[in-house]
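Notes for the structure review
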Amino acid sequence: QVQVVESGGGLVQAGGSLRLSCAASRSISSINAMGWYRQAPGKRRELVARINADTSTAYADFVKGRFTISRDNAKNTAYLQMNSLKPEDTAVYYCNAESFSSYSQQIYVYWGQGTQVTVSS
């Protein structure tokens, strides 16, 4: 079953904006952190932004000042507001959600299938 779903990708011109959404199933409880990653063709997947349960955040240097990550814990949803997009931002953007099971004392990480973001010159 798909438990994390990304949406909001598309084609935009350089300088434009997109807002990505990451919806984690409400069956996933106790989500500690959610993150956005991206992978361009022929390149490794890299961290874009991460947000913890207390809403503290971390960003890759190349998106600071342009991207903003946020979350709605009640909806198990994270967002990525992307402004001033550059052609170099073109990639498949993936979301993950991290949860901790007090019962099993294990951390579980759930990944979405990705959403394509294409920025034209």
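Residues numbered from 1 in each chain as written. Predicted model: local features only at pLDDT ≥ 70, side-chain atom pairs only at ≥ 80, totals over all residues. Heavy atoms only, no water.

Points about the environment of V117
- Tracing the backbone shows V117 in strand β11 (residues 115-120).
- Look at V117 and you get buried, because its relative accessible area is 0%.
- Sequence separation between V117 and Y93 is 24 residues; the distance between their C-alpha atoms is 6.9 Å.
- Setting aside chain neighbours within four positions, we find V117 in contact with G9, G10, L18, L20, M82, D89, T90, A91 and Y93. (Helix = DSSP H or I, 4+ residues; strand = E, 2+ residues; numbered from the N terminus. Buried < 20%, exposed > 50% of the residue type's maximum accessible area, 1.4 Å probe, protein only. Contact = heavy atoms within 4.5 Å.)

Topic: the pairing of strand β1 (residues 4-7)
- Along β1, the buried face is formed by V4 and E6; none of V5 and S7, which line the opposite face, is buried.
- Summarising the sheet, β1 and strand β3 (residues 18-24) pair through 4 bridges and their orientation is antiparallel. The residue of β3 that forms the bridge with V4 is A24. (Pairing = 2+ DSSP bridges.)

A few points about the packing of aromatic side chains
- Following the criterion strictly, the structure yields 1 aromatic pair and no others.
- Between Y37 and W111, the aromatic rings sit 5.0 Å apart at their centres with planes inclined by 55°, giving tilted as the arrangement. Taken together, the residues Y37 in strand β4 (residues 31-39) and W111 in strand β10 (residues 106-111) connect sequence positions 74 residues apart.
- Here the basic side chain of R45 rests over the ring of W111, its NZ or CZ set 4.8 Å away from the ring centre. (Phe/Tyr/Trp six-rings, centres within 6.5 Å; stacked < 30°, edge-to-face > 60°. Lys NZ or Arg CZ within 6 Å of the ring centre and 35° of its normal.)

Quick notes on the state of the cysteines
- According to the stated counting rule, one finds 1 disulfide in the structure shown.
- One disulfide in the model links C22 with C95; its S-S distance is 1.9 Å. Across the disulfide from C22 to C95, rotation about the S-S bond amounts to roughly -80°, and the bridge is consequently left-handed. Remark: C95 occurs in strand β9 (residues 91-101) and C22 occurs in strand β3; sequence separation between them is 73 residues.
- For C22, a relative accessible area of 0% translates into the label buried.
- C95 sits in the buried class, given a relative accessible area of 0%. (Disulfide = S-S within 2.5 Å.)

Honestly, it's all geometry; don't read function into it.
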